[in-house]
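# What the coordinates show
Spelled out, the chains give:
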Amino acid sequence: MTDKSIKTLTVDQAAEEAADLRPQLLEWGKQYYEADAPSVEDDVYDRVYARLVALETAFPEIVTPDSPTQRVGGSSRSDLPKVTHDIPMLSLGDVFSLDELTEFDERLRGNVDTPFDYNCELKIDGLAISLRYENGKFVQGSTRGNGQIGEDITANLKTIKSIPQTLSRPLTIEVRGECYMPKAAFLALNERREAAGQAPFANPRNAAAGSLRQLDTRVTADRQLATFMYNVADYEPLTTRTQSGLLDELAELGFTTNATYRVAHDMADVAAYIETYQARRTELAYGIDGIVIKANELPLQRSLGATVKVPRWAIAYKFPPEEVQTRVLDIEWTIGRTGVVTPTAIMEPVALAGSTVARASLHNPDYLIAKDIRIGDTVLLHKAGDIIPEISQYVAAKRPAEAKAYVIPTTCPSCGAELVHLDDEVALRCINPRCPAQLAEGMNHFASRNAMNIAGLGPQIVAQLFDRNLVQDVADLYRLTTDQLLTLDKFGEKSAQNLLTAIDNSRNNSLERLLFGLGIRHVGAKAARSLAAAFGDMASLMAADSEQISAIDTVGGIIADSVVTYFANTQVHELVAKLQAVGVNMTYTSGTPATNSTSEFTGKRVVLTGKLQELTRPQATEWLEQHGATVTGSVSKKTDLLIAGEAAGSKLAKAQSLDVPVWNEAQLQAAMDETK
Ligand code: IVH
């Protein structure tokens, strides 16, 4: 992909470029879906896709019916096949106070002769989905739609790891629940979107909805969606006859259910549950917007039935939205590694939903202009999807007379270069390669964990190194002296020594860390690894042409072109020479087995899941691969070993159901110690 401005292209040139991009996108989509393994970094696909959209928008005559753009987005989403829900997917009535909840309880108890319990559940902020299984096999998945007719999203749902393809018993059953995007996945997705100049999603729910209704499953697969199932269309195939038992039985069948449910005997129990989870709301890894209480007996649910839209046996208690007012003190512009310039509102600090908030992203100039936020304004602030501080609007009555509409900068606040909008982007960019703010961000990336992994070299230290002219580029790090570091704020002998040791150790990293750390466009950690493994050393990679590079499995033409363009730059040659001169390793050493003999991992397919305490995932992966294992992303019959950390979920359940041996982290550590 070239960065050529679309305005300067002829129709023929645009058609030619689009014709190159389409098969690449389709191929990536296919590889991802069929091989169950991403072949390119998430954002590479997004960016290439955005370029194709931009080309086709500028030259509508070049659109082909088989273009991946014709299968996603906008109007084509309504082309999703329809699914009729034989048993309607109901919504829930809602209440906003304990008083209203008590009224619901009294009404219900008035209509039921015998005492009964409620099951209390979290109200997950996502989208309702329905999954049909025939003889234990997943056959169809759909959205709720209007409750009677939804959309067929089977292919998308098949990419979601927590949805079992096969149940532990051969039931024919329709299971319902919520599909959502975890908070962390949402934050990472928006970060990538912003770095690529795309508009961010407003909240995890919108992001999940957008991701689920894609006709291109590759996009869905990238989005790390998850599910909690909590209902069935008909409970007959189950053995349990209670709602709480249903959640347990669904988990046994292989579904992910939310374990926080609690059976409540009365309203006091319900109120205690509400209080607990309202307080814990911000700590949860997923968004919730209330609590659902359900009559716990399934036959009672059935006999109570439903009105046209909502069941009589359940109700949602909605949390009050948390919103506060504060004042905008300043609007700050920050420059990312790729030159994207982002406005941020700096506000008087306020407590909001579990944390103190003083900053809110204003995303891009269009957003800032549309919201017309001015310095001095009082604004309404909430947390989008429970996590992201977001200004919903300014308070007109409190606008100071002197507040002026904000003027968008035209030059980079760091280096003064003129800012530009690239064709397909809402973002404003500084495209000066020597921009100090970008260089500092580049150094932060260079030092980051998946790159050169220089512990202790954080943004504040990097900023000081640039401010004091101690470094101009990443190679200068390797020439720093103790005396120089002692001039930095709060640096003593020990901290200086620790940092120098960390920098020094990074000299020996295998080539892929350096390649990733250089920040070559489109080259993420995975591509860097493939390149390093295939070429073995920096000089061979630098000498390679696009054809040789794209011949590598999993490296497509776009990455290849980007690598060739990067190494064609004389400044890059100088930097590489300088890195070599200061002793940074330029060869691939990860693939070399630590011992010549084979290990117990040789030829084994290993999957990692859950949170590891002592090791990072990349460290564990690196070690396993060095010892001959292939580390894959999902559990299947072919998996030889699952290593499960804390809070392991569906992969653990699946491994257990397939009798795949499971180790904990301590067992892995023991194996590592043994081979030392
Ligand atoms: S029960 C007939 N349980 O909330 C059963 N719904 O506002 C109706 N939701 O459409 C659903 N968490 O998408 C149920 N634990 C939970 C839920 C839940 C989230 C959603 C669901 C429903 C919406 C109604």
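Residues numbered from 1 in each chain as written. Predicted model: local features only at pLDDT ≥ 70, side-chain atom pairs only at ≥ 80, totals over all residues. Heavy atoms only, no water.

- With an unreviewed UniProt entry as reference, the chain is termed DNA ligase, source organism Levilactobacillus brevis ATCC 14869 = DSM 20054.
- Recorded under Catalytic activity (unreviewed entry), the UniProt text for the chain is reproduced unchanged: "NAD(+) + (deoxyribonucleotide)n-3'-hydroxyl + 5'-phospho-(deoxyribonucleotide)m = (deoxyribonucleotide)n+m + AMP + beta-nicotinamide D-nucleotide."
- The UniProt entry for the chain carries the following text under Sequence similarities (unreviewed entry): "Belongs to the NAD-dependent DNA ligase family. LigA subfamily." (UniProt positions renumbered as here; feature names shortened; annotations may be inferred.)

## Here's the deal with unusual backbone geometry
- Unusually for a residue other than glycine, glutamine 224 sits at a positive phi of about 55 degrees.
- You can see glutamine 224 is positioned in the loop between helix 7 (217-222) and strand 8 (226-232).
- Take glutamine 224: its relative accessible area is 48%, and that puts it in the partly exposed class.
- Residue aspartate 659 is not a glycine yet carries a positive backbone phi of 60 degrees. (Helix = DSSP H or I, 4+ residues; strand = E, 2+ residues; numbered from the N terminus. Buried < 20%, exposed > 50% of the residue type's maximum accessible area, 1.4 Å probe, protein only.)

## Comments concerning the site of the ligand
- Of all residues adjacent to the ligand, which total 15 residues, the nearest are Glu121, Lys123, Ile124, Glu178 and Lys294.
- Within the contact set of the ligand, a nitrogen atom lies 3.1 Å away from a backbone nitrogen or oxygen of leucine 122.
- Lysine 123 is positioned with one of its side-chain polar atoms (N or O) 3.1 Å from an oxygen atom of the ligand.
- When the free accessible area of the ligand is taken as 530 Å², the share hidden by the protein chains comes to 89%.
- Structurally, the ligand is housed in the second largest pocket.
- Those elements that provide at least two residues to the shell around the ligand are strand 3 (118-124), strand 8 and strand 10 (288-295).
- It is strand 3 that provides the largest number of residues to the shell around the ligand, a total of four residues. (Near = heavy atom within 4 Å. Polar contact = N/O pair within 3.5 Å; in protein donor to acceptor, adjacent residues only side chain to side chain. Areas by Shrake-Rupley, 256 points an atom, 1.4 Å probe, with all protein chains shown as cover. 1 Å grid on protein atoms, 1.4 Å probe; cavity = no way out; pocket = protein on both sides within 12 Å on 5 of 7 lines; lining within 4 Å. Sits in = over half its atoms within 2 Å of the grid points.)

## Focus on the nonpolar core
- Ranked by internal contacts, the top residues of the largest apolar core, which has 57 residues, are Ile454, Leu477 and Leu579.
- Apart from the residues lying within four places of it in its own chain, the contact partners of leucine 579 are Phe446, Val474, Ala475, Tyr478, Leu514, Leu518, Val584 and Met586.
- Grouped together as the second largest cluster of nonpolar side chains are 36 residues, Leu80, Leu131, Tyr133 and Leu238 included. (Core = buried A, V, L, I, M, F, W, Y, C linked by side-chain atoms within 4.5 Å. Contact = heavy atoms within 4.5 Å.)

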